[in-house]
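Residues per chain are reported as follows:
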Amino acid sequence: MGLKAGIVGLPNVGKSTLFNAITKQKILAANYPFATIDPNVGVVIVPDYRLDFLNKLYEPKSLVPTTIEFTDIAGLVKGASNGEGLGNKFLSHIREVDAIVEVVRCFDDGNITHVEGQIDPLRDVSIIETELSLSDLEVVENRINKIGKKASMSKDKETKAEIDILVKIKEQLLAGKSIRNLELTEDELKIIRPFNFLTAKPMIYMANVSEEEIDGNDYVNLLKEYAEKEGSKVVIVSAKIEEELSELNDEDRISFLNDLGIESGGLEKLIVATYSLLGLSTYFTVGKDEVRAWTFKNGMKAPECAGIIHTDFQKGFIRAEVMSFDDLKKYGSELKVKESGRMRLEGKEYIMNDGDICHFRFNV
């Protein structure tokens, strides 16, 4: 299950520069609104030191890491949902993503214009949130208008349940609040899932700072306070630093980060934040033909995880042969893991853990 993230933000906040850096693509980045006309898509590999170890141990013909697909959306402006700037159609590009990454300008630079005239992270966040909310509100109202009469005249429970949740969502949006902050039951979440509401998606704020303020500043502190209240995360990056890192090989990259006193680059920080916010983990399948990483949601049971590989694996699931990465690294081989009694056979109720190495047994 490859992850998808949509990158949004006002014009001239460093959005396209960051996209260029983290995906190592060279799209147009210019100091004027709407330099990004079409949505740009880049797929990046999720760094995982465990894959390096497994690759050396098994020497497979193929090594397949997990990936994240980033979609860079043209800079939004106030009124986008009503057609201002490049219009509402660009919001449709992020309805299919798993999470939204909003790049927020948190640096002063008189040479780079701000579409609103001055730097104010919370105002910028409010503008983007309003446009996303208005877009969701349009979807809700259209649906209510379409099935409202049917719901009032018929006794269809499903239609009634849909109207009830849509009305609840409409009230939330009109109050200026996001759907993600509305407490919903599993049944309600199931009903609204097909709508792909923008404000229901997890939000990560990427605070773009200057090279000298990579540890944060007053703008970042304001953004963190806001994000904490709504259960979102903030990742601090410097577009300029990321741009330089994207040009370096692995050895020079590590050296450059050490010189700056930074443990990891912006991409790594963003991936960690995304996995944490979405409640994701990784399991592995190994062998001489292929070593592969698979992303799964925390709480998923073994058959569901097997189904990520192929639906037949889930349908005909018998059991899973499981060992942990830590045990494999500790003992050095599958044989020694088995001899130590650390290899396990798990059934249909087994809840998968991050770092599990699995061989699924199934029969179709």
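The structure this text deals with has already been given above.
Residue numbers here run from 1 along each chain, matching the order of that chain's written sequence. It should be noted that, the model being predicted, local features are given only for residues of pLDDT at least 70 and side-chain atom pairs only at 80 or more, the latter also being counted only at that level, while totals for whole chains, interfaces and linings use all residues. Based on all heavy atoms of the structure, the side-chain values leave hydrogens and waters out of the count.

Where empty space is left in the structure can be found by rolling a water-sized probe over the atoms. A pocket, in this scheme, is an open set of points on a 1 Å grid over the protein atoms alone with protein on both sides within 12 Å along at least 5 of 7 lines, while a cavity is a set where a 1.4 Å probe fits but cannot get out; residues line either one if an atom lies within 4 Å of a point. Grid points are joined across faces, edges and corners, and a volume is the space filled by probe spheres set on the points. This structure, assessed with the given rule, holds one cavity of 30 Å³ or more. As a volume, the largest cavity reaches approximately 40 Å³. Along the walls of the largest cavity sit 13 residues, with Ile214, Glu242, Ser264, Gly266 and Lys269 positioned nearest its centre. It is helix 7 (residues 239–245) that provides the largest number of residues to the lining of the largest cavity, a total of three residues. Residues were grouped as follows: Ala, Val, Leu, Ile, Met, Phe, Trp, Tyr, Cys and Pro as nonpolar; Asp, Glu, Lys and Arg as charged; and all remaining residues, including Gly, as polar. Grouping the constituent residues of the lining of the largest cavity by class yields seven nonpolar, four polar and two charged. Secondary structure is summarised from DSSP: a helix means a run of H or I of at least four residues, a strand means a run of E of at least two, and numbering begins at the N terminus for each.

Looking now at helix 2 (residues 49–58). A 1.4 Å probe rolled over the protein chains alone gives each residue an accessible area, and that area as a share of the maximum for its type sets the label: buried under 20%, exposed over 50%, partly exposed in between. Listed in full, the buried residues belonging to helix 2 are Arg50, Leu51, Leu54 and Tyr58. Each buried residue of helix 2 sits inside an arc of 95° when the element is viewed along its axis, so together they form one side. Facing away from the buried side of helix 2 by more than 90 degrees, the exposed set consists of Tyr49 and Lys56. The arc in question is formed by the directions pointing from the helix axis toward the C-beta atoms.

For isoleucine 309, the position within the fold is in helix 10 (residues 302–309). Between the alpha carbons of isoleucine 309 and tryptophan 294 there is a distance of 8.2 Å; along the sequence they are 15 residues apart. Each residue touching isoleucine 309, except ones within four places of it in the same chain, is listed here: Tyr283, Thr285, Trp294 and Phe360. Here a residue-residue contact requires only that any non-hydrogen atoms of the pair lie within 4.5 Å.

Core analysis: the biggest nonpolar cluster contains 54 residues, and Ile68, Phe70, Ile94 and Leu132 have the highest contact counts within it. Counting residues per element, this core draws most heavily on helix 9 (residues 266–278), at six residues. Other than its neighbours up to four places away in sequence, isoleucine 94 contacts Gly6, Val8, Ile73, Ile100, Leu132, Leu198 and Lys201. Definition used in this section: a nonpolar core is a set of buried Ala, Val, Leu, Ile, Met, Phe, Trp, Tyr and Cys residues joined via side-chain atoms within 4.5 Å.

Peptide bonds are, in most cases, trans, and in most cases residues other than glycine have a negative phi. Despite not being glycine, glutamate 59 shows a phi value in the positive range, around 45°. The exposed category is assigned to glutamate 59, whose relative accessible area is 60%. You will see that asparagine 196, though not glycine, has its phi angle at about 50°, which is positive. Relative to the elements of secondary structure, asparagine 196 occurs in the loop between helix 5 (186–192) and strand 6 (203–208).

Stacked, tilted and edge-to-face are the three classes applied to pairs of Phe, Tyr and Trp rings, where Trp contributes its six-membered ring and a pair requires centres within 6.5 Å; stacked means planes under 30 degrees apart, edge-to-face means over 60, and tilted covers the rest. Applying the stated criterion to the full structure yields nine aromatic pairs. Ring geometry for tyrosine 283 versus tryptophan 294: centroids 6.4 Å apart, planes at 15°, classification stacked. Linking tyrosine 283 in strand 8 (residues 280–285) with tryptophan 294 in strand 9 (residues 290–297), this pair joins segments that are eleven residues apart in sequence. Judged by relative accessible area, tryptophan 294 falls into the buried class, the value being 9%. Centroid distance tyrosine 283 to phenylalanine 360: 5.9 Å. Interplanar angle 90°. Geometry classified as edge-to-face. Placement of tyrosine 283 in strand 8 and of phenylalanine 360 in strand 12 (residues 356–362) is noted, with a sequence separation of 77 residues between them. For phenylalanine 360, a relative accessible area of 6% translates into the label buried. Grouped by ring-pair contacts, the aromatic residues Tyr283, Trp294, Phe296, Phe317 and Phe360 constitute a single cluster.

Take the pattern of salt bridges next. Definition used for salt bridges: Asp or Glu carboxyl oxygen within 4 Å of a side-chain nitrogen of Lys or Arg. What the rule picks out here adds up to 19 salt bridges. Two residues, glutamate 230 and arginine 180, come together in a salt bridge whose shortest N-O distance is 3.3 Å. In this pair, glutamate 230 sits in the loop between helix 6 (218–229) and strand 7 (233–237) while arginine 180 sits in the loop between helix 4 (157–174) and helix 5, placing the two residues 50 residues apart along the sequence. Each member of the pair, glutamate 230 as well as arginine 180, is classed as buried. Between glutamate 268 and arginine 253 there is a salt bridge whose closest N-O contact spans 3.0 Å. Here glutamate 268 is found in helix 9, whereas its partner arginine 253 is found in helix 8 (residues 250–260), with 15 residues between them in sequence. For glutamate 268, a relative accessible area of 22% corresponds to the partly exposed category. Among the charged side chains, a salt-bridge network with shared partners connects Asp48, Arg50 and Asp354.

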